Structures are given as structure tokens and as C-alpha cells.
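# Remarks on the overall topology
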Amino acid sequence: MDKRIYVDHSATTPVLPQVLEKMLPYFTENFGNASSIYSEGRDAKRAIEAAREKVAKAIGADASEIFFTGCGTEADNWAVRGTAYANRAKGNHIITSSVEHHAVLHTCQSLEKEGFEVTYLPVDEFGRVSPDDVKAAITDKTILITIMFANNEIGTIMPIEKIAKVAEDAGVPFHTDAVQAIGLVPIDVSKVNISMLSMSAHKFGGPKGIGALYVKKGTKLNNFMNGGAQERNKRAGTENTPAIVGMGEAIEIATADIEGKAKKLSALRDAYIEKVLSKIPYSHLNGHPTERLASNANISFEFIEGEGMLLSLDMKGIAASSGSACTSGSLDPSHVLLAIGLKHEEAHGSLRVTFGEENTMEDVDYIVDNLAVIVERLRSMSPLYEEFVKNAK
Amino acid sequence: MLYSEKVMDHFTNPRNVGEIEDASGVGQVGNPKCGDIMKMYMKINDDTGVIEDVKFKTFGCGAAIATSSMATEMIKGKTIDEALKVTNLAVAEALDGLPPIKMHCSNLAQEAIHATLSDYYAKKGIEPPEGLLQCDGCCGCDKEDAE
């Protein structure tokens, strides 16, 4: 099997060739430290500031509001922890959702051990947080609302504008983890009241190891990394110039035609969902039918477990992911799938396919054809399926 | 996470998958919560105590399916006494090892053997021999949950 079909773009994406090309000189000839005063340093500094402009432009921010970080996880950690510490005198209450990425969830849990109180809002069957629930959860001690823009597992897009309005009305800072949304959903922080927004370059054709946090002017935020005066004294550490350059290039490309890209990807997604649900019995879609990322299809297959599907797909040259416990390194299946009300066995049997621009309709057919055989084989080995068939007789 | 070639072989071409209509004993261990369920069927010769046939069905990850397959291969044609000596570690070793996080899958294989034999003794109305685990499944998971 030579041909590989990569449908795990929510996990990571390949660096675009034109992005890599722009990055390469900053490893070798333009290697200078951006803090240095001589021309090598000034070259690096200029490249970083040009990239910052591009990142800012992509989300409607001002360049002075963009801070580069080591990854999306760092941006989330910084936003949540930095806001909590900066506002400690004011209050100790944080509102988040039960379906956040672990970068936010585990940060909140660790803050609880330090005396902060966290409300983990439930979600509806599609994985959406209700803005009314956010409003009702606000107390005079609330210092941060953090709700993700779009979910990484089921692709559900949150009602961000409404939640932002609730936060604005209450005068509470609002952070959103937009790691999955950049390049797939239009984002304009000049129109929506978002105080902080996390991004990660490798999700949209940039390199790994670089992220950014948008921090709206006037937002109180303690530093997370301490050291030198980089990033205007807000984020210490020598700038990763090649990666920053790559992020700037990648975000410019990723946001140039979001509508066109979303149209192409959603055609693949919808064809895949329609074919799977019609060809494979006892399968159902997880997440919102329409308010979902154009790339994302998350489907549960009853009576079987996800890892077996992934291994079998891999043998057919297909790379996808699952919310099963066996693939997560723990014994519990995805917290997101449990939060939308799935039973453990349904969560174990989930398969996430996330399309990218290099995927085709032929890929969709190839995946569905192979998946039908794989699901049937695993079901023929499953005691749950055996029981189901016997009871149905 | 890396599976050995043997694990992949037993996952891809599992031995002894299926059911036995007139089984002497049937055992099921595990639960959906921990993500693995193993069901085992045995055909046992009452006179010789030999496990003449064994089949399994497993809901679970690649390692769970591979350990089920290997465990059935290790006890097929063996006596009950020999089957009772098959340990988790022996199953894992026969597969050239399992990733640490997957070791509980091999617990399940041993438990399935014991649960199936328990059922055999219960059906026969015979007192089970010493050393038979009394576990309704997922002992390994419970242990890890408690950590």
C-alpha cells in the first residue's frame, strides 16, 4: 500500500511548501537573534514584525495585540492562568465548558487546587454551550469566561458572538481557544468582543512549535514565561524566528479564501457523512449537523471500538483518529463525547475524519468502501453485536 | 505507541474467533466503561479435562483482540490444569510484549479463561479447583481506576 490518505487535519497539517520556503533562510543565513542590535538581529526582528502584522490582519486585530507563544497549549495556559492571577483581588471564579481542550480544562483544574472556583458548563446534545447558561453562571466574583471557538473532536462551532456579548455586558474578560477555527471560520476581533484568542500554526499549514495569543488592548494579564524582554516584556524567550515567519505565511494563506475552502471541504465532509450513514448501519453523527467545522466528520459505530478501526484503516493507507480510550492513553473515552450524552461504548466506537484541501471525492469513496468492510469485520468479532443480533431475533 | 508484529498479526488474523453452539462453558469479562469486553466459549472433554475447542469474541482495542486470540491459541488442546496456569504475563510475552498502557488487556484474557472455567464447573455442579479467579471482569481496570 503506497498511497496514503491523510484525513486527520485537526491533529496536524503538513507545512505548505511555500511556507517552508519562506522559513528556511531564517535557520541559516538569517539566523540572528531578534534582540541583537546589529543587522542580523534587525533582519530577524523585521521578519517577526512582518509575521505579526499578518497574524493580526487575519483576525482583525492590531499587530500590538499579537504575542507569539511556543504552541497553542501555551497560549491557552497563559490566557487562563494569567487572567486568573491578574484579577485575583477582584474575584476567583472562572466559567468554562465541559468540552474544552485539555489545555484549558487541565489549567482550570489546576487553578481549582489554588483556590479558584470553576464552573464547567454543560453542553447540549450537539456540543453547544448556551449563552444563557453563561449569563446565569456569572457572579460578582467572575474574572474569566473561556469557551472554545470550535471543538477539536466533534467540530461543533460555539455561539461565540452571543457568548462574547454576554461577557461584554457583564464586564468579564472573554478568552476563546480558536486553535481549530482559524482558516475554517471567519474571525474578526474588531467586531466581536473577544479579550483573548489562542492560535496554533500547525493546524493551518504552518510549522509545529509556534502559537500566538491575541490580547485585546487593555486586558489585564500576568506573564506566564519570565525572562528576557521579548514580545514587549510579555513573553520571555528568544523568538523562534523561522517558525514565526512560517506562522505568518501560513495564516495569510489559510485565511485568504475561507469561504472557498469551507465550501470545498464541506462538500467532502457532507458526502462522507451521507455515504457512511447510508452504507453502514448503526452509525450516527456526533456534533452539530450544520454548525460544525467544514473539515470535521465524527461518527460513532455501535458495537465496536475505535482503535481497531484506526489500525485497520492505517493498513489500508488511511490516517484518521478516534475518541476511544484505547487511543488516548487512558481508560476513559473522550470527555467531549461523554459530555454530549454518548454512552461509554458509543464513545469508544467513534471515528473522527478531518479533511484537508488535498483530499478528493475519490478519497471519500475509498475511505467509505474500506470502512464498511472494517466495521463489518470488527462487528463479527464483537460480543456486543452478537448480543444485539440475538436479542433482535 | 508501537505494537509488536505478533500483536498486529493476531489483530489482523485473529485465531479462534466465533461462538460454540453447545459450549461446555461460556465466560464474559470486562465492561463497556473500560472499553474492553471479552467473551469466551469452551468445549471441554469431561473425561480427559481437555479443552477441545475454544472460541472468542472481543469488543476492544487491537491489543484486546490480539490477547484474546493468543490466549485461545495457548489453551486449545490443553487440559484445564494447564489452562489455569496461563498468566497475563505469559500471554503478553507470547505476543512479544504489549505497550504498558495495554497491559490490562492481558489481564482480561486470563480473567476470561477463568470466568469460562467457572461457568463450566457451575454447570457441572462441581466444586471449582483452587486458584480459580473469582472476578466478574475488568479487575485490571478497577485497579487502575483506583490509582
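Residues numbered from 1 in each chain as written. Chains lettered and ligands numbered in written order. Predicted model: local features only at pLDDT ≥ 70, side-chain atom pairs only at ≥ 80, totals over all residues. Heavy atoms only, no water.

What follows concerns the sheet that holds strand 3 (residues 51-59) of chain B. Reading across from one edge, 1-2-3 (chain B) is the order of the 3 strands in this open sheet, with antiparallel pairing throughout. Both outer strands of the open sheet, strand 1 (25-31) and strand 3 of chain B, are each paired with one neighbouring strand and no more. Neighbour-to-neighbour, the strand axes of the sheet open up by a mean angle of 15 degrees, direction not taken into account. Where strand 2 (residues 36-44) of chain B lies against strand 3 of chain B, 8 bridges are found, and the strand directions are antiparallel. Bridging across to strand 3 of chain B, methionine 40 of chain B finds its partner in phenylalanine 56 of chain B. Docked against the sheet, helix 14 (residues 383-392) of chain A engages strand 1, strand 2 and strand 3 of chain B, running at close to 75 degrees with respect to strand 2 of chain B. In the packing of helix 2 (residues 62-75) of chain B onto the sheet, contacts are made with strand 2 and strand 3 of chain B, and the angle to strand 3 of chain B comes to roughly 175 degrees. (Pairing = 2+ DSSP bridges. Helix = DSSP H or I, 4+ residues; strand = E, 2+ residues; numbered from the N terminus. Axes fitted to C-alpha atoms, helices over the stretch in contact; angles between N-to-C directions. Contact = heavy atoms within 4.5 Å.)

Moving on: the pattern of salt bridges. Between side chains of opposite charge, a pair can form when the charged atoms approach closely. Residues and elements named next belong to chain A. Evaluated as defined, the whole model comprises 30 salt bridges over all chains. Salt-bridge contacts for arginine 128 lead to glutamate 291; the nearest nitrogen and oxygen are separated by 3.9 Å. Of this pair, arginine 128 sits in the loop between strand 4 (117-121) and helix 5 (131-137) while glutamate 291 is found in the loop between strand 9 (283-286) and strand 10 (296-301), placing the two residues 163 residues apart along the sequence. Given the relative accessible area of 35%, glutamate 291 is considered partly exposed. (Salt bridge = Lys/Arg side-chain N within 4 Å of Asp/Glu carboxyl O. Buried < 20%, exposed > 50% of the residue type's maximum accessible area, 1.4 Å probe, protein only.)

All names here are of chain B. Contact pair helix 2 / helix 5 (residues 103-124): the axes reach a minimum separation of 9 Å and the direction vectors enclose 40 degrees. Our classification of the angle between helix 2 and helix 5 gives oblique. Between helix 2 and helix 5 the crossing geometry is right-handed. Across the interface between the two elements, Ala63, Ala64, Thr67, Ala71 and Ile75 from helix 2 touch Cys105, Ser106, Ala109 and Ile113 from helix 5. A breakdown of the residues in the contact of helix 2 with helix 5 according to their chemical character gives 7 nonpolar, 2 polar and no charged. (Parallel < 35°, antiparallel > 145°, perpendicular 65-115°, else oblique. Left-handed = near helix turned anticlockwise from the far one by under 90°. Nonpolar A, V, L, I, M, F, W, Y, C, P; charged D, E, K, R; others polar.)

This paragraph deals with the state of the cysteines. Residues and elements named next belong to chain A. Scanning the model with the defined rule gives 0 disulfides over all chains in all. Summary of cysteine pairing: cysteine 71 is not part of a disulfide, and the nearest cysteine sulfur, belonging to cysteine 108, is at 16 Å. Judged by relative accessible area, which is 30%, cysteine 71 ranks as partly exposed. (Disulfide = S-S within 2.5 Å.)

Residue-level contacts link 31 residues of chain B with 26 residues of chain A. Taken over both partners, the interface formed by chain B and chain A buries close to 2200 Å², and the fraction arising from carbon and sulfur atoms is 65%. At the junction of chain B and chain A, the tally comes to 4 salt bridges. For glutamate 386 of chain A, the salt bridge goes to lysine 57 of chain B, with nearest N and O atoms at 3.5 Å. Applying the counting criterion to the chain B and chain A interface returns 10 residue pairs in polar contact (both at pLDDT 80 or more). Element by element, the count of residues in the side of chain B that touches chain A is highest for strand 2 of chain B, at 4 residues. (Buried area = accessible area lost by both parts, 1.4 Å probe. Polar contact = N/O pair within 3.5 Å; in protein donor to acceptor, adjacent residues only side chain to side chain.)

Our next topic: the side chain of aspartate 363 of chain A. Residues and elements named next belong to chain A. In this structure, aspartate 363 sits in helix 13 (residues 361-380). Note on aspartate 363: relative accessible area 7%, which makes it buried. A distance of 3.3 Å separates a polar atom in the side chain of aspartate 363 from a polar atom in the side chain of asparagine 359. When residues no more than four places from it in sequence are discounted, the contact partners of aspartate 363 are Lys3, Ile5 and Glu358.

Within helix 1 (residues 5-12) of chain B, the full set of buried residues consists of Val7, His10 and Phe11 of chain B. All buried residues of helix 1 of chain B lie within an arc of 105 degrees about the axis, which places them on one face of the element. Elements that come into contact with the buried residues of helix 1 of chain B comprise helix 10 (306-315) and helix 13 of chain A together with helix 2 of chain B. (Arc of directions from axis to C-beta.)

The next point concerns the environment of aspartate 62 of chain A. All names here are of chain A. As for its position among the elements, aspartate 62 is in the loop between helix 2 (39-59) and strand 2 (66-69). In sequence terms aspartate 62 and isoleucine 145 are 83 residues apart; their C-alpha atoms lie 22 Å from each other. If sequence neighbours within four positions are ignored, aspartate 62 has contacts with Ala56 and Lys217. Side-chain polar atoms of aspartate 62 contact the side chain of serine 64, separated by 2.7 Å.

Another aspect to go through is the environment of phenylalanine 56 of chain B. Tracing the chain through its elements places phenylalanine 56 of chain B in strand 3. The contacts of phenylalanine 56 of chain B, once residues within four sequence positions are left out, are Pro14, Arg15, Asn16, Val17, Gly18, Lys39, Met40, Ile65, Ser68, Ser69 and Thr72 of chain B.

Residue and element names in this part refer to chain A. The strand order 9-10-12 describes an open sheet built from 3 strands, whose pairing is antiparallel. Both outer strands of the open sheet, strand 9 and strand 12 (350-354), are each paired with one neighbouring strand and no more. For this sheet, the mean inter-axis angle between neighbouring strands, taken without regard to orientation, is 30 degrees. Relative to strand 12, strand 10 runs antiparallel, the two sharing 5 bridges. Bridging across to strand 12, asparagine 298 finds its partner in arginine 352.

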